[in-house]
Amino acid sequence: MIIAANLKTNFTRKETEKYVNELESYIQTKNITQEVLVFPAMSSLDSHDGKVIIGSQNAYATQNGAFTGEIGTEQLEEFKIKTILIGHSERRHILGETQEELVKKFNFYKELGFKIVYCVGEPLEVRESGNEKMMEYISTQYEGIDTNYENLIIAYEPVWAIGTGLTPTSEDIESIHTDLKNKSKAPLLYGGSVKVTNAKEVLSLNNVNGILVGSAALYVEHFCTMCNYAQEIENKNKENI
Ligand code: 13P
């Protein structure tokens, strides 16, 4: 499974280093073999040797150049970063990134072989307009995206569930994930108000291959516990084969 922490605009460089080191030491001690990703704030990007994979929350589709406020591959290479989050709802809805821009970014980083965590998800008014309209909306977020890309991970994050404490029911998550798996066989994460209290249940659902965690991941011990849940579930699955 894949357990990912999106730290968003939180933590200083020093705090992030402490966070990653504590997480790394937990993973080593507990023999966690699941894939653990951390997306720190841009100014906290750093090299890391170990099992934890550091990814960038964003980057521009460029090596370098005149793109004020952005970073490109020159800055990512400094820290050997080969993982990127693309299409997060905060970038789509707050920063106004269009599907066209996201596709450009996706193709650029795909060409370079990056591991891409590509986010999709509907706002509340779309969800309230019914299942068919909702799936149509999510489908538009797949437009132009190579769903067969080998280093692709998709994260389904309903916008109304992000940072709100609200989550879809387990039945809803399972049914949407099952539909989305028909669009791409890539690992599919669920994100949106995942906490230690519901992580185990979410991770146990069919067609959920991991979680993308925001606020609850800011507590390193909570995020460690979630990594452990994923390991326990995988161990159990293996026993049952
Ligand atoms: P929360 O876990 O805070 O709802 O955020 C989810 C998210 O946006 C992860 O990318």
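In this text the structure is predicted, and so the values were computed from the model without any measurement.

## Side note on the side chain of T73
Next, step 1: Structurally, T73 is set in helix α2 (residues 73-78).
Next, step 2: Each residue touching T73, except ones within four places of it in the same chain, is listed here: T62, Q63, F108, Y109 and L112.

## Things to note about the packing of helix α8 (residues 196-204) against helix α9 (residues 220-239)
Next, step 1: Running from amino to carboxyl end, α8 crosses α9 at an angle of 25°, the nearest separation of the two axes being 10 Å. It follows that α8 is roughly parallel to α9 by the angle criterion. α8 and α9 meet at a crossing whose hand is right-handed. Within the contact between the two elements, α8 uses V196, A199, K200, L203 and S204 and α9 uses H222, T225, M226, Y229, A230, E232 and I233.
Next, step 2: For the contact of α8 with α9, the per-class residue count stands at seven nonpolar, three polar and two charged.

## Description of the packing of helix α1 (residues 13-29) against α9
Next, step 1: Interhelical geometry of α1 versus α9 gives an angle of 30° and a closest axis separation of 10 Å. Here α9 runs roughly parallel to α1, going by the angle between their axes. In the packing of α1 onto α9, the handedness of the crossing is right-handed. Residues Y19, E22, L23 and Y26 of α1 form the contact with α9, whose own contacting residues are V220, F223, C224, T225, C227 and N228.
Next, step 2: Broken down by class, the residue content of the contact of α1 with α9 amounts to seven nonpolar, two polar and one charged.

## Quick notes on the pattern of salt bridges
Next, step 1: Taken as a whole and judged by the stated rule, the model has 10 salt bridges.
Next, step 2: Notably, a salt bridge pairs K8 with E90, separated by 2.9 Å at the nearest N-O pair. Of this pair, K8 sits in the loop between β1 (2-6) and α1 while E90 sits in helix α3 (residues 89-94), placing them 82 residues apart in sequence.
Next, step 3: The class for E90 is partly exposed, based on a relative accessible area of 24%.
Next, step 4: A salt bridge links E97 to K105; the shortest N-O distance between them is 3.1 Å.
Next, step 5: We classify K105 as buried; its relative accessible area is 6%.

The rules behind the values
- Residues numbered from 1 in each chain as written.
- Predicted model: local features only at pLDDT ≥ 70, side-chain atom pairs only at ≥ 80, totals over all residues.
- Heavy atoms only, no water.
- Helix = DSSP H or I, 4+ residues; strand = E, 2+ residues; numbered from the N terminus.
- Contact = heavy atoms within 4.5 Å.
- Axes fitted to C-alpha atoms, helices over the stretch in contact; angles between N-to-C directions.
- Parallel < 35°, antiparallel > 145°, perpendicular 65-115°, else oblique.
- Left-handed = near helix turned anticlockwise from the far one by under 90°.
- Nonpolar A, V, L, I, M, F, W, Y, C, P; charged D, E, K, R; others polar.
- Salt bridge = Lys/Arg side-chain N within 4 Å of Asp/Glu carboxyl O.
- Buried < 20%, exposed > 50% of the residue type's maximum accessible area, 1.4 Å probe, protein only.

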